Amino acid sequence: VVAAEYPSAVVLGGQPRGGAAAARNRGVAAATGEWLALIDQDDVWPPERTAALLRATTSGTDWVCGRLRLRFEADHQRQDRAAAADGTHVPYLLGSLLMRRDVWLRLGGINPDLQVAEDVDLYLRYRERGGAALHIDDETLVHRFHRNSQMSVEAATAQQQTFDVIRAAAQRRRRAQFPEAT
């Protein structure tokens, strides 16, 4: 469908199923542009998203994100904890941002061993290297919650892997601050 609609698009196929992280790393490896824009198959980009993010790149930033809009489908029970993020900036949520491709490459991409929280891990590594996301007020992602969404199906795994990623980042910071203790 993509190849028919966008003949100049590069369509990658023939990869064994390895999860979103492996697919994203493969896509970025094939990309040639300066900026990366990633989205999950069940989320939606608002019509003015890309233009708003690109306008912000003139400030010299290498990571720019907008506001998140949440949409709870009829087959999914609204979660108050998740709903609190509606309208906020979530700078690690890959679908809400643009980032320079060279930043991705310097960070080594995302960890294909993670089923979820790979975006949190990437963002924490970016911050550890002194990066700071620029936040814009435009809505740049509609994140859908539905019965088959990954966060619904793998809620326990998501919580555990997010905790593990944050703990690993704290340990890296501790080692960097106190190298003699390692």
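Overview of the structure. Just so we're clear, the structure is a prediction, and the values are computed from it rather than from any experiment. (Residues numbered from 1 in each chain as written. Predicted model: local features only at pLDDT ≥ 70, side-chain atom pairs only at ≥ 80, totals over all residues. Heavy atoms only, no water.)

**Let's talk about the overall build of the protein**
- A tally of helices and strands in the protein yields 8 helices and 4 strands.
- Written out in order from the N terminus, the α and β elements of the protein read α-α-β-α-β-α-β-α-α-β-α-α.
- The buried share among the 182 residues of the protein stands at 38%.
- Put simply, of all contacts in the protein between residues at least 6 apart along the chain, 73% involve residues at least 24 apart.
- Put simply, the protein shows about 10900 Å² of open surface, and 52% of that area lies on carbon and sulfur atoms. (Helix = DSSP H or I, 4+ residues; strand = E, 2+ residues; numbered from the N terminus. Buried < 20%, exposed > 50% of the residue type's maximum accessible area, 1.4 Å probe, protein only. Contact = heavy atoms within 4.5 Å. Areas by Shrake-Rupley, 256 points an atom, 1.4 Å probe, with all protein chains shown as cover.)

**What to know about the environment of Phe72**
- Its place among the elements puts Phe72 in strand β2 (residues 63-72).
- The class for Phe72 is buried, based on a relative accessible area of 17%.
- As a C-alpha pair, Phe72 and Arg144 span 72 residues in sequence and 6.0 Å in three-dimensional space.

**Some remarks on the packing of aromatic side chains**
- Following the criterion strictly, the structure yields 3 aromatic pairs and no others.
- Their ring planes at 55 degrees and their centres at 5.5 Å tell us that Trp63 and Tyr123 sit as a pair that is tilted. In this pair, Trp63 sits in strand β2 while Tyr123 sits in helix α6 (residues 118-128), placing the two residues 60 residues apart along the sequence.
- Residue Trp63 is classed as buried on the basis of its relative accessible area of 0%.
- Given a relative accessible area of 12%, Tyr123 falls into the buried group.
- Put simply, the rings of Trp63, Tyr123 and Tyr126 pair up and form one aromatic cluster. (Phe/Tyr/Trp six-rings, centres within 6.5 Å; stacked < 30°, edge-to-face > 60°.)

**A word on the pairing of strand β3 (residues 97-100)**
- By the alternation rule, side chains of β3 split into Leu97 and Met99 and Leu98 and Arg100, which are all buried.
- Of the strand pairs in this sheet, strand β1 (residues 35-36) and β3 are connected by 2 bridges, and their pairing is antiparallel. What sits directly across from Leu36, in β3, is Met99.
- Note: β2 against β3, 3 bridges, orientation antiparallel. (Pairing = 2+ DSSP bridges.)

**Notes on the sheet that holds β3**
- Here we have 4 strands laid out as an open sheet, ordered β1-β3-β2-β4, and mixed in their pairing. Edge strands, defined here as strands with exactly one partner in the open sheet, are β1 and β4 (134-145).
- Of the strands in this sheet, β2, β3 and β4 touch helix α3 (residues 49-56), which is tilted by about 150 degrees from β4. (Axes fitted to C-alpha atoms, helices over the stretch in contact; angles between N-to-C directions.)

**So, the nonpolar core**
- One finds Trp63, Leu97, Met99, Val103, Trp104, Leu122 and Tyr126 to be the most contacted residues of the largest nonpolar core, which totals 17 residues.
- If we skip the residues at most four places from it in the chain, Met99 touches Glu34, Trp35, Leu36, Asp62, Trp63, Trp104 and Leu122.
- If you look at the next biggest cluster of nonpolar residues, it comprises 8 residues, including Phe72, Ala83, Leu141 and Phe145. (Core = buried A, V, L, I, M, F, W, Y, C linked by side-chain atoms within 4.5 Å.)

**Side note on the pattern of salt bridges**
- One pass over the full model with this rule turns up 9 salt bridges.
- The closest approach of N and O atoms between Asp137 and Arg67, which form a salt bridge, is 3.0 Å. Of this pair, Asp137 sits in strand β4 while Arg67 sits in strand β2, and the two are 70 residues apart along the sequence.
- Where Arg172 meets Glu128, a salt bridge forms, and the shortest distance between an N and an O atom there is 2.8 Å. Placement of Arg172 in helix α8 (residues 155-177) and of Glu128 in helix α6 is noted, with a sequence separation of 44 residues between them.
- A single network of salt bridges, built from pairs that share partners, joins Arg24, Asp40 and Glu118. (Salt bridge = Lys/Arg side-chain N within 4 Å of Asp/Glu carboxyl O.)

As far as function goes, none of this settles anything; it's purely spatial.
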